[in-house]
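# Structural overview
Listed below, chain by chain, are the residues.
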Amino acid sequence: WKHPFSGLESETLHSHMSDSEQLCSLFVNPNMTQDTLMWKLFPYSLIGKAEQWYMNYVGSVSGSWGELRDNFCLRFFPTFRVITLHRDIRRFRQKEKESIGKAWFRFSCLV
């Protein structure tokens, strides 16, 4: 991994997860499923508090990559950020005869 994920708010969780899944898709092992491969490689993409969370949490998951991924995302993309994004999206307004790109740029400068 070029950029391991540490759990800082400045990091983009979605990009990390997408990059991890894309990288793991490059590997094929006929003796294991892709989910198992993700499960085994994922900890190598983590540092800091994200790695600590993984080490503490991994024992309580039943071996399901989906369950691990979902709980990891809930931990590092908390509900308050989801609510903030929903609020921002609802507040977006495009002026009459304004291009969507220009409206989004104007809006993103305010947020």
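Details of the structure are given in the entry above.
I will try to describe carefully the structure that is included in this document. Owing to the predicted nature of the structure, the values given are computational and were not obtained by experimental measurement. (Residues numbered from 1 in each chain as written. Predicted model: local features only at pLDDT ≥ 70, side-chain atom pairs only at ≥ 80, totals over all residues. Heavy atoms only, no water.)

## Some thoughts on the packing of aromatic side chains
Applying the stated criterion to the full structure yields 10 aromatic pairs. Summarising the aromatic geometry, the rings of Trp53 and Phe72 are spaced 5.4 Å apart at their centres and angled 65° between planes, so their arrangement reads as edge-to-face. Here Phe72 lies in helix H4 (residues 65-76) and Trp53 lies in helix H3 (residues 48-57), a separation of 19 residues in the sequence. The same class applies to Trp53 and to Phe72, which are both buried. (Phe/Tyr/Trp six-rings, centres within 6.5 Å; stacked < 30°, edge-to-face > 60°. Helix = DSSP H or I, 4+ residues; strand = E, 2+ residues; numbered from the N terminus. Buried < 20%, exposed > 50% of the residue type's maximum accessible area, 1.4 Å probe, protein only.)

## Re unusual backbone geometry
In the Ramachandran plot, Lys97 falls in the positive-phi region, its phi being about 65° despite a non-glycine side chain. In this structure Lys97 comes out as exposed when scored by relative accessible area, which is 82%.

## Thoughts on the nonpolar core
Soluble globular proteins: nonpolar side chains tend toward being buried together. Counting 17 residues, the largest nonpolar core has Phe42, Leu68 and Phe72 as the members making the most contacts within it. Ignoring anything within four residues of it in the chain, the contact list for Phe42 reads His16, Met17, Ser20, Tyr54, Trp65, Leu68 and Phe72. (Core = buried A, V, L, I, M, F, W, Y, C linked by side-chain atoms within 4.5 Å. Contact = heavy atoms within 4.5 Å.)

## So, the environment of Gln94
Looking at the element boundaries, Gln94 is found in the loop between helix H5 (79-91) and helix H6 (100-110). Gln94 sits in the partly exposed class, given a relative accessible area of 42%. Each C-alpha atom of the pair Gln94 and Arg106 lies 9.4 Å from the other, and the pair is 12 residues apart in sequence. Residues contacting Gln94, with those up to four places away along its chain left out, are Ser99, Ile100, Ala103 and Arg106. Only 2.4 Å separates the side chain of Gln94 from the backbone oxygen of Glu98, close enough to count as a polar contact. (Polar contact = N/O pair within 3.5 Å; in protein donor to acceptor, adjacent residues only side chain to side chain.)

## So, the pattern of salt bridges
As enumerated under the stated definition, the model contains 3 salt bridges in all. With its nearest N and O atoms 3.2 Å apart, the salt bridge here joins Asp88 to Arg87. Exposure remark for Asp88: the relative accessible area of 9% places this residue in the buried category. Residue Arg87 is classed as partly exposed on the basis of its relative accessible area of 37%. (Salt bridge = Lys/Arg side-chain N within 4 Å of Asp/Glu carboxyl O.)

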